[in-house]
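Below, each chain spelled out in residue letters.
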Amino acid sequence: MTRFSEDALTEAVIARMAACDNARLRLVLAACVRHLHALVQEVKLTEAEWLQAIEFLTATGQKCDERRQEFILLSDTLGVSMMVDAVNHRKPGGETESTVMGPFYVTGAPDLPMGATIAGQTDGGEPTLVSGRVVDGEGQPIEAAVLDVWQTAPNGFYDVQDPSQPEFNLRGRFRTGADGTYSFRTLKPVSYPVPTDGPVGKMLLALGRHPYRPAHLHFIVSAPGFEPVTTHLFVKGDPYLDSDAVFGVKDSLVTDFEHGLASYDFVLKAV
Ligand SMILES: [Fe+2]
């Protein structure tokens, strides 16, 4: 195509990728072009709206730094993270289901002995012992499984959002022994709003959406020979379980956190 026509444009852009020898890149980018063009046509997007979209994405990038990931928040709040999760972790076999990682994971949390607390000197909150086993699909214990856990303080903030908390507060890594059991002490998680001081918060407000996530404890559970699982345990009874701002709740992950105790067995899928 040498001259523009609305009908021919989409295929012309896709044809221009023919020389790319990365078949997967061609497939993904062609779908991207097709869906974007269709979106523009479906809503008859105005020039002002397209400029607003570009400014919004620019602001989203500008809000990111080494502690703040506004694009993950955008992906999470639009349900894209959970759709990527859904198509990649179909688990009919009863293995522990996955959910969003969220924007607040950091590597390098301290390795702690079983039974240790991740809460340090954190004020407030309800002390809770979290325990259970890491097992395979047959219920056999998995030795040397690593549980990387993180959560907010009772004020609703992760350490990386809150200068009053020490580095790696409410984060820790635990390793199972031969019997596959784990246990650690923490504070009962609380529901909290995702950050609303950036472009994603403004978007939620404009859409009439609340920013809250139901109370949860984050986990990445991994072991040699098994697929790692990135997941949460949600607190049963939380008022936001049905309206999680990032659509992350799965029934199998809702757990009792009563009388200072929570118990959950993680089932990993062999690779
Ligand atoms: Fe979280």
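In the block above lies the structure referred to throughout.
J.: Could you give an account of the pairing of strand 1 (residues 127-135), with specific residues and numbers?
T.: The sheet contact formed by strand 1 and strand 4 (residues 181-187) spans 7 bridges and is antiparallel. Residue pairing for strand 4: T128 is matched across the bridge by T186. One ladder, built from 3 bridges, connects strand 1 with strand 10 (residues 261-263); its direction is parallel. Pairing of V130 across the sheet is with A262, part of strand 10. Examined bridge by bridge, strand 1 and strand 11 (residues 266-267) share 2 bridges and lie parallel to one another. Each residue of the ladder has a partner; that of V135, found in strand 11, is V267.

J.: Tell me what's going on with the sheet that holds strand 3 (residues 171-175), and back it up with residues and numbers.
T.: Read across the sheet, 5 strands follow the order 3-2-7-8-9 without closing on themselves; strand pairing throughout is mixed. The open sheet has two edge strands with one neighbour each: strand 3 and strand 9 (254-255). Sheet analysis places strand 2 (residues 146-150) next to strand 7 (residues 216-222), joined by 5 bridges and oriented antiparallel. For V149, the partnering residue across the bridge sits in strand 7 and is F219.

J.: Describe the nonpolar core, listing the residues and the values that go with them.
T.: V134, I142, L147, V149, V221 and L268 are the most contacted members of the largest nonpolar core, which has 36 residues in total. Listed by contribution, the elements that provide at least two residues to this core are strand 1, strand 2, strand 4, strand 7, strand 8 (229-235) and strand 11. For this core, the element with the most residues is strand 8, which contributes 4 residues. Non-local contacts of V149, meaning those with residues more than four positions away in its chain, are made with I118, R171, G172, F184, L217, H218 and F219. Within the second largest apolar cluster, 9 residues are counted, among which are I72, M82, V100 and V194.

Rules used throughout
Residues numbered from 1 in each chain as written. Predicted model: local features only at pLDDT ≥ 70, side-chain atom pairs only at ≥ 80, totals over all residues. Pairing = 2+ DSSP bridges. Helix = DSSP H or I, 4+ residues; strand = E, 2+ residues; numbered from the N terminus. Core = buried A, V, L, I, M, F, W, Y, C linked by C-beta atoms within 7 Å. Buried ≥ 20, exposed ≤ 12 C-beta atoms within 10 Å, placed from the backbone. Contact = placed C-beta atoms within 7 Å.

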